[in-house]
Amino acid sequence: MKKIEAIIRPSKLDEIKEALGKFGIHGMTVTEVIGCGLQKGKKEVYRGTEYTIDLLPKIKVEIVIRDKWVDEVIRILVNTARTGEIGDGKIFVYPIENAVRIRTGESGEEAI
């Protein structure tokens, strides 16, 4: 099993959920996060004073999937989240040793 974390633009969340749903993935954890990278923030003016906002709002989507789905899920995420501009995000893949469904006690791939 693998855990995929995708840091994406907030505007892309609905498209990501729809694309993953078509592939058969409905379980995910979504968190509002802030961060910085190559995008380096933006400048805004408030009451005549210029401010630099270094940390920008992003969405972190976490899913745990079978090993055989990793390449296809990454392809879906990249194709759906890409705008071609700096700030599109990142995808991280981690190995998962085990998973347990609390309600039934199922473990391993049966739990996801």
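Residues numbered from 1 in each chain as written. Predicted model: local features only at pLDDT ≥ 70, side-chain atom pairs only at ≥ 80, totals over all residues. Heavy atoms only, no water.

## Regarding the packing of helix 1 (residues 13–23) against helix 2 (residues 70–81)
Right, so step 1: Relative orientation of the contacting elements helix 1 and helix 2 amounts to 150°, with a least axis distance of 9 Å. The angle between helix 1 and helix 2 falls in the class roughly antiparallel. As for how helix 1 packs across helix 2, the hand of that crossing is right-handed. Each of E15, I16, A19, L20 and F23 in helix 1 lies in contact with helix 2, whose residues at this interface are E72, V73, I76, L77, T80 and A81. (Axes fitted to C-alpha atoms, helices over the stretch in contact; angles between N-to-C directions. Helix = DSSP H or I, 4+ residues; strand = E, 2+ residues; numbered from the N terminus. Parallel < 35°, antiparallel > 145°, perpendicular 65-115°, else oblique. Left-handed = near helix turned anticlockwise from the far one by under 90°. Contact = heavy atoms within 4.5 Å.)

## Here we look at the sheet that holds strand 5 (residues 56–65)
Right, so step 1: A sheet is described by the order of its strands in space; here four strands give the open sequence 2-5-1-6, paired in antiparallel fashion. The sheet terminates laterally at strand 2 (29–35) and strand 6 (89–95), the two strands that pair on one side only. The mean angle between the axes of side-by-side strands here comes to 20°, regardless of whether they run parallel or antiparallel.
Right, so step 2: One ladder, built from seven bridges, connects strand 1 (residues 2–8) with strand 6; its direction is antiparallel. The partner of E5 across the bridge, within strand 6, is F92.
Right, so step 3: Sitting on the sheet, helix 2 is in contact with strand 1, strand 5 and strand 6, with an inclination near 5° to strand 1. (Pairing = 2+ DSSP bridges.)

## Some words on the UniProt feature "modified residue: O-UMP-tyrosine" (unreviewed entry) in the protein
Right, so step 1: The UniProt entry lists Y51 under the feature "modified residue: O-UMP-tyrosine" (unreviewed entry), expressed in the numbering used here.
Right, so step 2: Mapped onto the fold, Y51 is located in strand 4 (residues 49–53).
Right, so step 3: Classification of Y51 by relative accessible area gives partly exposed; the value is 44%. (UniProt positions renumbered as here; feature names shortened; annotations may be inferred. Buried < 20%, exposed > 50% of the residue type's maximum accessible area, 1.4 Å probe, protein only.)

## Observations regarding the pairing of strand 1
Right, so step 1: Where strand 1 meets strand 5, seven bridges bridge the pair, whose relative direction is antiparallel. Bridge pairing in strand 5 places I4 opposite I63.

## Observations concerning the environment of T52
Right, so step 1: Positionally, T52 belongs in strand 4.
Right, so step 2: The spacing of T52 and A81 is 29 residues in sequence and 26 Å in space, taken between C-alpha atoms.

## Details of helix 1
Right, so step 1: Within the sequence span of helix 1, burial applies to L13, I16, A19 and L20. Here the buried residues of helix 1 occupy an arc of 130° about the axis, which is enough to place them on one side. The outward face of helix 1, more than 90 degrees from its buried face, is lined by the exposed residues D14 and K22.
Right, so step 2: Looking at the buried residues of helix 1, the elements they touch are strand 1, strand 2, strand 5 and helix 2. (Arc of directions from axis to C-beta.)

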